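Working through the structure, step by step
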Amino acid sequence: MKNFLKLSILLPMLVVPLIANAVSADDEKKSTFNFSPSIGMTLNSTKNMGITSISYQWLATVNADYNYTGKKFDFRTTLFATYGQSKTSGQPVQTLQNSIILSLTPSVIIIKHPAIRLFLETTGETFLRKATLNNQPVALFDPLFLYQTLFVGQKHYSHQGKENTNWNLTYGLGYSFQQTFNKEFQTQGNINGSLSDFESGFSGIIDFNISTPVSKDVSFNLDFKALALSRGNLFKEFNTSRKSVLLRSGFFYKQIGLEYNYHLVYDLNISSTVMINHSLMVTLRF
């Protein structure tokens, strides 16, 4: 943990001076903020041999982002939180999705043509509420997966106001520093070469989101992020690298819509198998 905290302090000290030198007084500045909470529910009733069984599931999500766009310097922060439950009569309640992810990503242009940027992303991911995973208790910050990745890539975007299409696309390759913090949760250390202590390796990332009006009252939104963090050599140890995919998409008529959520995490420190949560339900957006 001490090593990670030292690097968490050292990397910004190295990168921030570059950013500060790149920002000039004549930067074209623009800030956008989006906050989109929603709640969805499905209800099923079945009858078999005269016995009626009722099941329901609900899922609440919060998706927020802030973008500062300058001529040379950009800053983006995103927050995604989700929690839901499923209940069938006569059976215990099951947790559907349970996670919170916060990312902070400043970037600066280092080559004008083609436009190449230097990014520094800091992300923390943990469970939102108490639950069980592989018969182990999990809770907020237990475990907590934290990483910093310094990567080179490109960023494309179009911010045109609420009545037009807005989109962001970021991708790149770099090097990451990562660690899994735990209290009661027991990490799956030394499985196929993985370690629950401080780790580092190559990183690859792609982040895309779009929000567009289909008609006057109908809109479509999609948020997608895929990430791979290796432990050492990316090519020799690809099977032990941490991989994650987060997808959220939906069609909405005013505030009501059909929404699909998908979250995949493959991390040998937390589980020896792939963890996948996905749901499709009618959603009320606030």
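In case you missed it, the structure is sitting above this.
Now for a description of the structure that goes with this document. (Residues numbered from 1 in each chain as written. Predicted model: local features only at pLDDT ≥ 70, side-chain atom pairs only at ≥ 80, totals over all residues. Heavy atoms only, no water.)

**Description of empty space enclosed by the protein**
Spelled out, the test is: Definitions used throughout: a 1 Å grid over protein atoms alone; a cavity as a set of points that fits a 1.4 Å probe which cannot get out; a pocket as an open set with protein on both sides within 12 Å along at least five of seven lines; a lining residue as one with an atom within 4 Å of a point. Grid points are joined across faces, edges and corners, and a volume is the space filled by probe spheres set on the points. Numbering of helices and strands runs from the N terminus, with a helix taken as a DSSP run of H or I at least four residues long and a strand as a DSSP run of E at least two residues long. Polar here means any residue other than Ala, Val, Leu, Ile, Met, Phe, Trp, Tyr, Cys and Pro, which are nonpolar, and Asp, Glu, Lys and Arg, which are charged; Gly is therefore polar.
A complete count under the given rule lists two cavities of 30 Å³ or more for this structure. In this structure, the largest cavity spans a volume of roughly 360 Å³. If you trace the largest cavity, you find 26 residues lining it, with T78, F80, I101, K225 and L246 closest to the centre. Secondary-structure elements contributing two or more residues to the lining of the largest cavity are β2 (51-69), β3 (73-88), β4 (94-111), β5 (116-126), β8 (144-158), β10 (199-213), β11 (218-229) and β12 (242-253). Element by element, the count of residues in the lining of the largest cavity is highest for β12, at six residues. Taken together, the residues of the lining of the largest cavity break down into 11 nonpolar, seven polar and eight charged. By volume, the second largest cavity is sized at about 140 Å³. Along its surface, the second largest cavity is lined by 14 residues, and R76, T105, E121, T170 and D207 are the ones closest to its centre. Only β3, β4, β5, β8 and β10 provide two or more residues apiece to the lining of the second largest cavity.

**Some points on the nonpolar core**
Keep this limit in mind: Think of a nonpolar core as a cluster: buried Ala, Val, Leu, Ile, Met, Phe, Trp, Tyr and Cys residues, connected wherever their side-chain atoms sit within 4.5 Å. Between buried and exposed lies partly exposed: a residue is buried under 20% and exposed over 50% of the maximum accessible area for its type, with that area taken using a 1.4 Å probe on protein chains only. Any two residues having at least one pair of non-hydrogen atoms within 4.5 Å are treated as being in contact.
Among the nonpolar cores identified, the biggest contains eight residues, and these are F127, A131, L133, V138, F185, V265, I270 and M275. Ignoring sequence-local partners within four residues, the contact set of V138 consists of F127, R129, K130, A131, T132, L133, P143 and F185. If you look at the next biggest cluster of nonpolar residues, it comprises seven residues, including F151, I205, L227 and L229.

**Points about the packing of aromatic side chains**
To keep it simple, the criterion reads: The criterion for an aromatic pair is that two Phe, Tyr or Trp rings (for Trp, the six-membered ring) have centres within 6.5 Å, with stacked assigned to planes under 30 degrees apart, edge-to-face to planes over 60 apart and tilted to the rest.
The full count for this structure, using the stated rule, is eight aromatic pairs. Each ring, one from Y68 and one from F73, has its centre 5.9 Å from the other, and the planes form 45°; the classification is tilted. Take Y68: its relative accessible area is 17%, and that puts it in the buried class. Assessed through its relative accessible area of 15%, F73 is described here as buried. With 4.8 Å between their ring centres and 40° between their planes, F220 and F251 make a pair best called tilted. With F220 in strand β11 and F251 in strand β12, this pair connects stretches of sequence that are 31 residues apart. By relative accessible area, which is 21% here, F220 ends up partly exposed.

**Digging into a nonpolar patch on the surface**
Condition: Note that patches include only residues with greater than 30% relative accessible area and no salt bridge, and the join distances are 9 Å for like charges and 5 Å for nonpolar side chains (Val, Leu, Ile, Met, Phe, Trp, Tyr). The accessible surface values rely on the Shrake-Rupley method and a 1.4 Å probe; as for residues, cover is taken only from the protein chains in view. When a carboxyl oxygen of Asp or Glu is within 4 Å of a side-chain nitrogen of Lys or Arg, the pair counts as a salt bridge.
The grouping of I39, I256, L258, L280, V282, L284 and F286 at the surface amounts to a nonpolar patch, some 660 Å² of accessible area in total. If you list the elements that add at least two residues to the nonpolar patch, you get β13 (256-266) and β14 (275-285). With three residues, β14 is the single largest residue contributor to the nonpolar patch. Examined against the element boundaries, I39 turns out to sit in strand β1 (residues 30-48).

**As for the side chain of R285**
The condition that has to hold: In this charge count, Lys and Arg are treated as positive and Asp and Glu as negative; neither His nor the chain ends contribute. Under this definition, polar contacts are N or O atom pairs within 3.5 Å; protein pairs additionally need one hydrogen-donor-capable and one acceptor-capable atom, and for neighbouring residues in sequence, both atoms have to be side-chain atoms.
When you line up the elements, R285 lands in strand β14. The side chain of R285 is buried and forms no salt bridge, while E259, the nearest opposite charge, is found at 6.6 Å. A polar contact is formed between the side chain of R285 and the side chain of S219, at a distance of 3.3 Å. Aside from chain neighbours lying at most four places away, what touches R285 is S36, P37, S38, S219, N221, F252, K254 and Q255.

**What to know about the layout of surface pockets**
Roughly 440 Å³ of volume is contained in the second largest pocket. What lines the second largest pocket is a set of 21 residues, and nearest its centre among them are N98, F127, L133, M275 and N277. Secondary-structure elements contributing two or more residues to the lining of the second largest pocket are β4, β5, β6 (131-133), β13 and β14. Ranked by residues supplied to the lining of the second largest pocket, first place goes to β4 with five residues.

**Points about the environment of E184**
Within the secondary structure layout, E184 lies in the loop between β9 (166-181) and β10. For E184 and P143, which are 41 residues apart along the polypeptide, the C-alpha to C-alpha distance reads 8.3 Å. For E184, the residues in contact, after removing those within four places along its chain, are Q136, P137 and D142.

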